[in-house]
Amino acid sequence: MKTKKFTQIALIVTLAAAAPSVFAAETAVEKPQSPAVAEAGQPAVDPGSLTTVINDSVTFSTLKKALVATGLDVTLGGKGAFTIFAPTDEAFDKLPAGTLGKLMLPENKEKLRSLLLYHVVAGKVLAADLKDGEVKTMNGEKVKVDVDGKEVEINDSKVYSTDVMANNGVMHSVGTVLMPESLKDFSPLDK
């Protein structure tokens, strides 16, 4: 009888000792991950962000790849307020042959980043807020804005759809890849 009681007490003590580690393991599994961190410790993209809007559209698959290649998908997927003049896949197709492939090479990452940032303006700028003149982009260079009634052009490129809203800014699509002066001599662009 004493052995049975001793065995029960030993079992209770063992379970009590194991309980904290079991509880801790369950807590670690159930703990939700921070929205700023995704799998494998990579920064996440906020739902509803400009990056999400671009990713959800079949019209911007080339832009999506370029943003990922430069890490700008995380920037445009996080906090802040941005306006992007987003070139469509058709716009990228108009680049001289070999240009996009060359820009996507790892050694040209900063040139691609500069090109993409030339399409981004700090702040949320709706089409109705655009005025004739120059606007400084996130790469430091300026784009020329022409407004004629409801027609808007950026560096002589027509803006097709305007005011696509995201939780961290707004997107306007353009039919041409805007080329900053700093990349005008980038071969094969000089052909």
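Here, residues in each chain are numbered from 1, in the same order as that chain's written sequence. In view of the model being predicted, local features appear only for residues whose pLDDT reaches at least 70, and side-chain atom pairs are presented and counted only at 80 or more, with totals across whole chains, interfaces and linings using the full set of residues. In computing side-chain values, all of the structure's heavy atoms are included and hydrogens and water are not.

A. Examining the side chain of threonine 70 more closely. Numbering of helices and strands runs from the N terminus, with a helix taken as a DSSP run of H or I at least four residues long and a strand as a DSSP run of E at least two residues long. Of note, threonine 70 is situated in helix H3 (residues 61-70). There is a polar contact of 3.1 Å between the side chain of threonine 70 and the backbone oxygen of leucine 67. By definition, residues are in contact when any of their heavy atoms lie within 4.5 Å. If near-sequence neighbours (up to four positions away) are discounted, threonine 70 is found in contact with Lys109, Leu112, Arg113 and Leu116. Think of a polar contact as two N or O atoms within 3.5 Å of one another; within protein, one of them needs to be a possible hydrogen donor and the other a possible acceptor, and neighboring residues in sequence only count if both atoms come from side chains.

B. Region of interest: the nonpolar core. Counting 26 residues, the largest nonpolar core has Leu63, Ile84 and Met171 as the members making the most contacts within it. Of all the secondary-structure elements, those providing two or more residues to this core are helix H2 (50-55), H3, strand S1 (82-87), helix H5 (89-93) and helix H7 (109-117). With four residues, the top contributor of residues to this core is H7. Leaving out residues up to four positions away in the same chain, methionine 171 has contacts with Leu50, Val53, Ile54, Phe60, Ile84, Ala86, Ser161, Thr162, Asp163 and Val164. Grouping buried Ala, Val, Leu, Ile, Met, Phe, Trp, Tyr and Cys residues that are joined through side-chain atoms within 4.5 Å yields what is termed a nonpolar core. Residue exposure (1.4 Å probe, protein chains only): buried if accessible area is under 20% of the type maximum, exposed if over 50%, otherwise partly exposed. Grouped together as the second largest cluster of nonpolar side chains are eleven residues, Phe85, Val121, Leu130 and Val145 included.

C. Local environment of the pairing of strand S8 (residues 169-174). Buried residues dominate S8, accounting for six of its six residues. At least two DSSP bridges between two strands are needed for those strands to be called paired. Bridging between S1 and S8 involves six bridges; their strand directions are parallel. Along S8, the bridge assignment pairs alanine 86 with serine 173. Both strand S7 (residues 164-166) and S8 contribute to a ladder of three bridges, which runs antiparallel. Within S8, the position partnered with valine 164 by the bridge is methionine 171.

D. Region of interest: H7. Leu112, Ser114, Leu115, Leu116 and Leu117 are the residues of H7 that are buried. Against the buried residues of H7 lie H3, helix H4 (72-75), helix H6 (99-103) and strand S2 (120-122).

E. Molecular detail of the sheet that holds S1. Within the open sheet, the four strands sit side by side as S2-S1-S8-S7. Their pairing is mixed. Edge strands, defined here as strands with exactly one partner in the open sheet, are S2 and S7. Between one strand axis and the next, the sheet turns by 20° as a mean value, whatever way the strands run. Here, axes are lines fitted to C-alpha atoms. For helices the fit covers the stretch in contact, and angles between N-to-C directions go from 0 to 180 degrees.

F. A look at the pattern of salt bridges. Between Lys or Arg on one side and Asp or Glu on the other, a salt bridge is scored when a side-chain nitrogen of the former is within 4 Å of a carboxyl oxygen of the latter. Evaluated as defined, the whole model comprises three salt bridges. We note a salt bridge from aspartate 46 to lysine 79, for which the minimum N-O separation is 3.3 Å. Taken as a pair, aspartate 46 in the loop between helix H1 (2-30) and H2 and lysine 79 in the loop between H4 and S1 lie far apart in primary sequence, 33 residues in all. The exposure class of aspartate 46 is buried, given its relative accessible area of 15%.

G. Here's a closer look at the packing of H3 against H7. As a packed pair, H3 and H7 sit with axes 9 Å apart at the nearest point and diverge in direction by 125°. Classed by the angle they form, the pair H3 and H7 counts as oblique. Seen from above, H3 lies across H7 with left-handed handedness. Between H3, through Leu63, Ala66, Leu67, Ala69 and Thr70, and H7, the contact on the second element is made entirely by Lys109, Leu112, Arg113 and Leu116. Each residue gets one of three labels, nonpolar for Ala, Val, Leu, Ile, Met, Phe, Trp, Tyr, Cys and Pro, charged for Asp, Glu, Lys and Arg, and polar for the others, Gly among them. Split by residue class, the contact of H3 with H7 holds six nonpolar, one polar and two charged. To sort the angles, those under 35 degrees are grouped as roughly parallel, those over 145 as roughly antiparallel, those from 65 to 115 as roughly perpendicular, and the leftovers as oblique. The crossing is said to be left-handed when, going from far helix to near helix, the turn is anticlockwise and less than a right angle, and right-handed when the turn is clockwise.

Limitation: the analysis is restricted to geometry and does not speak to function.
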